[in-house]
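# Observations on chain architecture
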There are 2 protein chains.
Amino acid sequence: MGVAVIGASMTKFGQRDAWIRELLSQAGEECLTDAGVAPDDVEHLYVSNMASGEFEGQTGIMNLLAHDLGVLPAYSERVDQTSSSGGAGIYEAWQSVASGASDMTLLVGGEKMTHKTTGQATDIIASITHPDEYKHGVTLPSFAGMTARHYLERFDAPRESLARVAVKNHRNGVDNPKAQFQTEITMEKALESPIIADPLRLYDFCPITDGSAALMFTTEERAKEITDEYALVSGIGGATDTHVVHERDDPTVMGGVVESSKEAYEMAGLGPEDLDVAELHDMFTILEFLQLEGIGVAEQGTAWELAMDGATAKDGDLPINTSGGLKSKGHPLGASGVAQGVEIYEQLVGEAGPRQVDADTALACNVGGFGNCVITTIMEAAE
Amino acid sequence: MGVAVIGASMTKFGQRDAWIRELLSQAGEECLTDAGVAPDDVEHLYVSNMASGEFEGQTGIMNLLAHDLGVLPAYSERVDQTSSSGGAGIYEAWQSVASGASDMTLLVGGEKMTHKTTGQATDIIASITHPDEYKHGVTLPSFAGMTARHYLERFDAPRESLARVAVKNHRNGVDNPKAQFQTEITMEKALESPIIADPLRLYDFCPITDGSAALMFTTEERAKEITDEYALVSGIGGATDTHVVHERDDPTVMGGVVESSKEAYEMAGLGPEDLDVAELHDMFTILEFLQLEGIGVAEQGTAWELAMDGATAKDGDLPINTSGGLKSKGHPLGASGVAQGVEIYEQLVGEAGPRQVDADTALACNVGGFGNCVITTIMEAAE
């Protein structure tokens, strides 16, 4: 059965003076309005969230949101896949409609993080990784640093190529009023910012963020009755890689990206050459290269060239992270994958405003942990 | 598409000297063996768990389990619906197969709780409830006490009827080697145990428990190729009730039970009169009455009579909680709904040993919070 997206919303990302409950409600209400769907019509409600209990001591937020949105007796559930919880929510929403369990599914992803110190938040995020690794002090940023060093040396890539990803995504973020940062940065600023995990510096990392985003899913048949502007989820796949990162054959190959994009392409009957725009999980600048290679847009060890020659800029052959990416938009764990879906949906229905590019086919890749689990979603504009 | 269950497993429930990682792996490995399925054949892995981060400081357990079981690159995800996370996992596993996303889905539910003090565990569980309620000290046991008092007075039910539920489920648990308690109790012991939330006493409550359970799902077509003994998920539904318990019109009507069972009956083309056996969520003895009424087996205010006349005993008209229920089996939050599924599956395929009853149609009702969200599953024996 064809599954369509008929509405989207996103709160301002950044340091928000609101708890997870309020962030989820805001995005949920705005998505109901955007889709023109009455609360009573919602049959399933999924909440993508990794750690409301750890961050706020509040659990059961999916049942609480169902109550606050007035969608009762809709079925409500929390979906967790760490930093790819949003992509997992898209997969569950798709399955709920494709299986016939629901004709109208609301997905809301969110996380509230900035009230914790960076150290506290990093500890919560580090618990994603394998106990044999993080209990020895290995965190996601340190994996990123080691992988970046290996990539640059092995493929003779210039350090500048990573900075270009940061500069590009900050430039894109200027046109996104919902982004945490709407400020351009220079190559100099990126290259001279403080070292966090050598060779990665401050501007190679996404920030700690509060925020929420939402999408409304229904059947293609029902979408046609409701609106002329909708997108179809034509391909979607999810895959898990080794939880112990150091057990991977090649640290520059993200197996979860390769497998999940393969599934998504096969389901959609498309290939990387068909993409017009994509949102990639640039939690760290190096990940944009690894995903461009994992989804088949670039050969292994060559994605850095696309950054250097501007092919992934908004006016390039394949614009990447027109939203500003996690880098400038921010990364509220459970919201990020949903926000990627919001961006490609808005690009496909022509609602991206100053970020708009010409796109009929779009891809979003949401990465959990350090590629521990990945969801790739392909959406196409309705005929 | 017909969705079948072809294998099941359950660890010993109780105080376990093992972390969530080990509990999940044990049930997962035993389920792969029971189903005769190779790890490579698993396409989706769902982990039902409410709070591994809160209880152990370990997140990402679904990706960790996929790694430990060797099912990579299977998609892995954690499903949380508080105390009905297990039922939610059954719903997701069903959707994954019914939507065509997966031909072979492994569901593992588990929770590790006993290393925390009862107070610490109660605090984590209390965070399920509405902040306007639990921050004023209202916990699930206090809701149960108030509801029980109201029920007994309003319907002129004897206090003994609640004790009979405890005695019955403890009797059933004696025949379940996986149960936390395999000890019969007398009416006197139940009625003279310490008061916890008047009128409810110690034996009206389920314990704090560690444990894990698993089920293997596939298409009916594939099930026929693999085995002669399988069960079909013929009906399933989920529904949310008000998160603020005191906003409900009638505290003795569990709206989530009524709505989810209605959905499940409609999907299966069956009614309460067709049930041969059922597992109900007896976190508190009073809930067995409210669910018997919610699923339509008894009229409002009359379920207590079934306890008094033995109709719900193993040799009664409709055996309830042949597994021993949460009361004697124990209640590891994420595992309980899956373990309910394990019991009805084993009853339907004739693998319940000393607990075996004659059953072709079975129901399981898994309750989150104080009826905040409920999943009802109906399984039928394969022709």
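Please read these numbers as outputs of a predicted model, since none were measured by experiment.

Taken as a whole, this structure holds 16 aromatic pairs over all chains when the rule is applied. Residues Tyr 46 of chain B and Tyr 75 of chain B carry aromatic rings whose centres are separated by 6.3 Å and whose planes lie at 75° to one another, so their mutual orientation is edge-to-face. Placement of Tyr 46 of chain B in strand 2 (residues 44–48) and of Tyr 75 of chain B in strand 3 (residues 75–80) is noted, with a sequence separation of 29 residues between them. Looking at Tyr 46 of chain B, the relative accessible area reads 0%, which means it is buried. Judged by relative accessible area, which is 0%, Tyr 75 of chain B ranks as buried. Centre to centre, the rings of Phe 205 of chain B and Phe 284 of chain B are 5.4 Å apart; their planes meet at 80°, and the pair counts as edge-to-face. Placement of the pair is Phe 205 of chain B in the loop between strand 6 (200–201) and strand 7 (211–219) and Phe 284 of chain B in the loop between strand 9 (277–279) and helix 12 (285–294), with a sequence separation of 79 residues. Using a relative accessible area of 3% as the deciding quantity, one classes Phe 284 of chain B as buried. Three or more aromatic residues joined by ring pairs form one cluster here, namely Tyr 46 and Tyr 75 of chain A together with Tyr 91 and Trp 94 of chain B. Sitting over the ring of Trp 19 of chain A, Lys 112 of chain A keeps its end group 5.7 Å from the ring centre.

The next subject is the nonpolar core. In this structure, Phe 217 of chain A together with Phe 217 of chain B are the most contacted members of the largest nonpolar core, which totals 80 residues. Residue contacts for Phe 217 of chain A: discarding those within four places in its chain leaves Val 3, Ala 4, Val 5, Ile 90, Ala 93, Val 97, Asp 103, Met 104, Thr 105, Leu 107 and Val 233 of chain A.

A few words on the relation of the copies chain B and chain A. Both copies of the chain are related by one operation, a rotation about an axis with a shift along it. Aligned on chain A, chain B shows an RMSD of 0.0 Å; the corresponding rotation is 180° and the shift along the axis is 0.0 Å. Taken together, these values place the two copies in the relation of a two-fold axis. Across chain B, the rotation axis passes nearest the C-alpha of Ser 99 of chain B, at a separation of 2.0 Å. Comparing contact sets, 98% of the residues at the interface of chain B also lie at the interface in chain A, consistent with an isologous, same-surface contact.

With that settled, consider the interface of chain B and chain A. Taken together, the contact between chain B and chain A spans 55 residues of the former and 54 residues of the latter. Interface of chain B and chain A: buried area, both sides summed, is about 4200 Å²; carbon and sulfur atoms make up 48% of it. Of all residues in chain B, Thr 59, Tyr 75 and Thr 240 of chain B give up the largest surface area on contact with chain A, accounting jointly for 14% of the area buried on that side. Inspection of the chain B/chain A interface yields 2 salt bridges. Residue Arg 78 of chain A is joined to Asp 80 of chain B by a salt bridge in which the shortest nitrogen-to-oxygen separation is 2.7 Å.

What follows concerns the pattern of salt bridges. This model, assessed by the stated rule, comprises 30 salt bridges over all chains. Here Asp 175 of chain A ties to Arg 171 of chain A by a salt bridge, and the two come within 3.6 Å at their closest N and O atoms. Judged by its relative accessible area of 34%, Arg 171 of chain A is partly exposed. In this structure, Arg 21 of chain B and Asp 68 of chain B form a salt bridge, with 2.7 Å as the shortest nitrogen-oxygen distance. Here Arg 21 of chain B is found in helix 1 (residues 20–35), whereas its partner Asp 68 of chain B is found in helix 3 (residues 61–69), with 47 residues between them in sequence. Taking relative accessible area as the criterion, Arg 21 of chain B reaches 28% and is therefore assigned partly exposed. Assessed through its relative accessible area of 23%, Asp 68 of chain B is described here as partly exposed. When salt bridges that share partners are traced, they join Arg 149, Glu 153 and Asp 198 of chain A into one network.

What UniProt calls "domain: Thiolase N-terminal" (unreviewed entry) maps, in this numbering, to residues 3–221 of chain A. As a span, residues 3–221 of chain A carries 44% helix and 19% strand, and end to end its C-alpha atoms are 9 Å apart.

What follows is about the environment of Thr 118 of chain A. All names here are of chain A. Of note, Thr 118 is situated in helix 5 (residues 118–126). Assessed through its relative accessible area of 56%, Thr 118 is described here as exposed. C-alpha of Thr 118 to C-alpha of Ile 208: the two residues are 90 residues apart in sequence and 7.5 Å apart in space.

Moving on, we get to the domain arrangement of chain A. Residues and elements named next belong to chain A. What the domain assignment reports for chain A is domain 1 (1–114 + 207–229) and domain 2 (127–206 + 235–379). Computed from C-alpha coordinates alone, the two centres of domain 1 and domain 2 are separated by 23 Å. Domain 1 puts 42 residues into the contact, and the matching count from domain 2 is 40 residues. For the pair domain 1 and domain 2, the summed buried area comes to about 3100 Å², and 67% of that belongs to carbon and sulfur atoms. Where domain 1 touches domain 2, the interface holds 16 residue pairs in polar contact (both at pLDDT 80 or more). Looking at the side of domain 1 that touches domain 2, the elements with two or more residues in it are strand 1 (3–10), helix 4 (85–98), strand 4 (104–111) and strand 7 (211–219). Of all the elements, helix 4 adds the most residues to the side of domain 1 that touches domain 2, at 7 residues. Residue classes in the side of domain 1 that touches domain 2 are distributed as 18 nonpolar, 19 polar and 5 charged.

Right, let's get into the side chain of His 67 of chain B. In this fold, His 67 of chain B is placed in helix 3. Of note is the side chain of His 67 of chain B, whose polar atom sits 2.7 Å from the backbone nitrogen of His 243 of chain A. Among the polar contacts made by the side chain of His 67 of chain B, one reaches the side chain of Glu 247 of chain A at a distance of 3.4 Å. Those residues within four positions of His 67 of chain B in sequence are excluded, and the remaining contacts are Thr 242, His 243, Val 244 and Glu 247 of chain A together with Leu 72 of chain B.

Next up on the list: the packing of helix 7 (residues 140–154) of chain A against helix 12 (residues 285–294) of chain A. Helix packing for two helices is described by the angle between their axes and how far apart those axes are. Residues and elements named next belong to chain A. Between helix 7 and helix 12, whose axes approach to 10 Å, the crossing angle comes to 65°. Helix 7 and helix 12 meet at a crossing whose hand is left-handed. Contact with helix 7, carried on its side by Ala 144, Thr 147, Ala 148 and Tyr 151, involves Ile 286, Phe 289, Leu 290 and Glu 293 of helix 12 and no other residues of that element. Split by residue class, the contact of helix 7 with helix 12 holds 6 nonpolar, 1 polar and 1 charged.

How each quantity is defined
Residues numbered from 1 in each chain as written. Chains lettered and ligands numbered in written order. Predicted model: local features only at pLDDT ≥ 70, side-chain atom pairs only at ≥ 80, totals over all residues. Heavy atoms only, no water. Phe/Tyr/Trp six-rings, centres within 6.5 Å; stacked < 30°, edge-to-face > 60°. Helix = DSSP H or I, 4+ residues; strand = E, 2+ residues; numbered from the N terminus. Buried < 20%, exposed > 50% of the residue type's maximum accessible area, 1.4 Å probe, protein only. Lys NZ or Arg CZ within 6 Å of the ring centre and 35° of its normal. Core = buried A, V, L, I, M, F, W, Y, C linked by side-chain atoms within 4.5 Å. Contact = heavy atoms within 4.5 Å. Least-squares fit on C-alpha atoms with pLDDT ≥ 70 in both. Buried area = accessible area lost by both parts, 1.4 Å probe. Salt bridge = Lys/Arg side-chain N within 4 Å of Asp/Glu carboxyl O. UniProt positions renumbered as here; feature names shortened; annotations may be inferred. Domains from an automatic or database assignment. Polar contact = N/O pair within 3.5 Å; in protein donor to acceptor, adjacent residues only side chain to side chain. Nonpolar A, V, L, I, M, F, W, Y, C, P; charged D, E, K, R; others polar. Axes fitted to C-alpha atoms, helices over the stretch in contact; angles between N-to-C directions. Left-handed = near helix turned anticlockwise from the far one by under 90°.

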